[in-house]
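Notes for the structure review
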Amino acid sequence: MDHEHVRDVDPAVADALEGEIDRQRESLQMIASENHVSRAVVDAQGSVLTNKYAEGYPGERYYGGCEYADEVEELAIDRATELFGAEHVNVQPHSGTQANQAVYFAMLEPGDKILSLDLNHGGHLSHGHPANFVGQLYDVEQYEVDPETGYLDYEGLAEHAAEFEPDVIVSGYSAYPREVEWERIQEAADEVGAYHLADIAHITGLVAAGVHASPVGVADFVTGSTHKTIRAGRGGIVMCDEEYADDIDAAVFPGGQGGPLMHNVAGKAVGFKEALEPEFEDYAEQTVANAKALGDQLSEHGFSLVSEGTDNHLVLVDLRESHPDTSGGDAEEALEDAGIVLNGNTVPGETRSPFDPSGIRAGTPGLTTRGFDEDDCRTVADLIARVIDAPDDEDVIAAVREDVEELCAENPLYE
Ligand code: DSN
């Protein structure tokens, strides 16, 4: 992958782009929300569709010259419809957050009530955190996971909903390692006449492949991002029943966005086509098998996993018991020095802060894309343990870095 045209104009940016490719090739990308898209998706997202304004929807644009923009958007919609089985799909949101915003804008008035999972328990900023405009514009209360088990407390959620009477209940999470029982949340929403928004940003690919239960046809609205487990490049998506289609489309454009990023829509079309291939199901299954192997091996090393394991693509490690003097931030930094890139993460019952949390979150979507299997992931767990057991030992960090580079060489990326 070269950037000869960029280099001709701007060597500084070309250097940074090439540095980033090397960084991705030579270290392990384990941030659970990241992945490595195909060269085809890179090409589509780096295409001249970046030049095109296409406000509106296929066949109903506010600008001329939208013939190919229409073609690409229709392909993305058709493929998403086939993948998820939704009645209506909007592929224009610039991100998962903007997909969520579209649902709130379509269905709520300022001051209306949202019930969502606390950020420390695995929720997301756009679900109503006070630092996000959603938390400021709407009346938000939050539910939590069971402190003993780390699993969602569905009964507590239903009781909370009965008391609070929200207008919308948000499910779907950023740091929750277990399968979500969408129907139970739908029942709680039905009891109080609330809408149900299921944000599958992290697990979009697992749902598309049938490896995680789908909320499509259960929840009123399903949002997602397209660059995580589904590998379709940066962007977001909203799905809903036909009865909400016009409201959602109007909330995306002109409600919340102007011109769609048509180059990103092209990336979505290509990535969705790839996800319709039978190999994608193998990829999704392997991603989950790898996360389980990673989690089991970390447990063998004495780490405490929130909910004691995983059903999806990520594990959440609470360091407080096994490594009380090492914060998630300390672990993140030492691991990055060793070539293992993940993030410090808050955990249920957090006693530190989001800037220096008590846990780490590790995902397998990127490793699986580059060909890692369960044995490789157990080896990665061994390496993580070596570093976190001795985060200040430069010899250990250097030795682990060598092992990481060997693993990367065995599983090359963007050759
Ligand atoms: N920042 C993403 C994550 O890491 O989960 C979600 O938007």
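Residues numbered from 1 in each chain as written. Predicted model: local features only at pLDDT ≥ 70, side-chain atom pairs only at ≥ 80, totals over all residues. Heavy atoms only, no water.

This part is about a nonpolar patch on the surface. A grouping of Y53, Y62 and Y63 is seen on the molecular surface, where their side chains present a nonpolar patch of about 410 Å² in accessible area. Within the secondary structure, Y53 is located in the loop between α3 (39-45) and β2 (56-57). (Patch = residues over 30% accessible without salt bridge, like charges linked within 9 Å, V, L, I, M, F, W, Y side chains within 5 Å. Areas by Shrake-Rupley, 256 points an atom, 1.4 Å probe, with all protein chains shown as cover. Salt bridge = Lys/Arg side-chain N within 4 Å of Asp/Glu carboxyl O. Helix = DSSP H or I, 4+ residues; strand = E, 2+ residues; numbered from the N terminus.)

Moving on to the sheet that holds strand β6 (residues 139-143). In any sheet, the strands associate via hydrogen bonds between backbone groups, in a parallel or an antiparallel arrangement. Reading across the sheet, the 7 strands line up as β4-β10-β9-β8-β7-β5-β6 and stay open at both edges, with mixed pairing between neighbours. The sheet is open, and its two borders are formed by β4 (88-90) and β6, each paired with just one other strand. Here the strands of the sheet are splayed against their neighbours by 20° on average, with no regard to which way each runs. The pairing of strand β9 (residues 221-225) with strand β10 (residues 236-240) spans 5 bridges and is antiparallel. From the neighbouring strand, V222 faces β10, where its bridge partner is M239. Running over the sheet, helix α5 (residues 96-107) touches β5 (113-117), β7 (168-171), β8 (195-199), β9 and β10 and is turned about 155° from β9. (Pairing = 2+ DSSP bridges. Axes fitted to C-alpha atoms, helices over the stretch in contact; angles between N-to-C directions. Contact = heavy atoms within 4.5 Å.)

This brings us to unusual backbone geometry. Residue P254 is reached from F253 by a cis peptide bond, and omega for that bond is 10°. Relative to the helices and strands, P254 is located in helix α10 (residues 245-256). Despite not being glycine, E165 shows a phi value in the positive range, around 50°.

Time to look at the packing of helix α7 (residues 154-164) against helix α8 (residues 182-192). Where α7 contacts α8, the two axes come as close as 9 Å, and the packing angle between them is 15°. In terms of orientation, α7 and α8 fall into the roughly parallel class. Crossing geometry of α7 relative to α8 is assigned as right-handed. Only R184, I185, A188 and V192 of α8 make contact with α7, whose side of the interface consists of Y154, E155, L157, A158, A161 and A162. (Parallel < 35°, antiparallel > 145°, perpendicular 65-115°, else oblique. Left-handed = near helix turned anticlockwise from the far one by under 90°.)

Moving on: the packing of aromatic side chains. Summed over all chains, the structure comprises 8 aromatic pairs. Taken together, the ring pairs connect Y195, F221 and Y244 into an aromatic cluster. Positioned above the aromatic ring of Y283 is the side chain of R231, whose terminal nitrogen or guanidinium carbon lies 3.8 Å from the ring centre. (Phe/Tyr/Trp six-rings, centres within 6.5 Å; stacked < 30°, edge-to-face > 60°. Lys NZ or Arg CZ within 6 Å of the ring centre and 35° of its normal.)

Our focus in this paragraph is the sheet that holds strand β12 (residues 314-318). With antiparallel pairing, 4 strands are arranged side by side in an open sheet as β11-β12-β15-β14. The outermost strands of the open sheet, each flanked by one partner alone, are β11 (304-305) and β14 (343-345). Here helix α12 (residues 278-300) sits on the sheet in contact with β11, β12 and β15 (359-363), set at roughly 20° to β12. Contacts from helix α13 (residues 328-337) reach β14 and β15, with the element oriented near 45° to β15.

The next subject is the nonpolar core. Formed by 56 residues in total, the largest nonpolar core has its most connected members in F84, L152, I169, I230 and M239. Put simply, the parts of the chain that give this core at least two residues each are α4 (67-84), β5, α7, α8, α9 (204-208), β10, α11 (262-275) and α12. When sequence neighbours within four positions are dropped, the list of residues in contact with M239 reads F84, A86, H88, V89, I200, V216, D220, F221 and V222. Counting 34 residues, the second-largest nonpolar core is a separate cluster that includes A331, F372, L383 and I388. (Core = buried A, V, L, I, M, F, W, Y, C linked by side-chain atoms within 4.5 Å. Buried < 20%, exposed > 50% of the residue type's maximum accessible area, 1.4 Å probe, protein only.)

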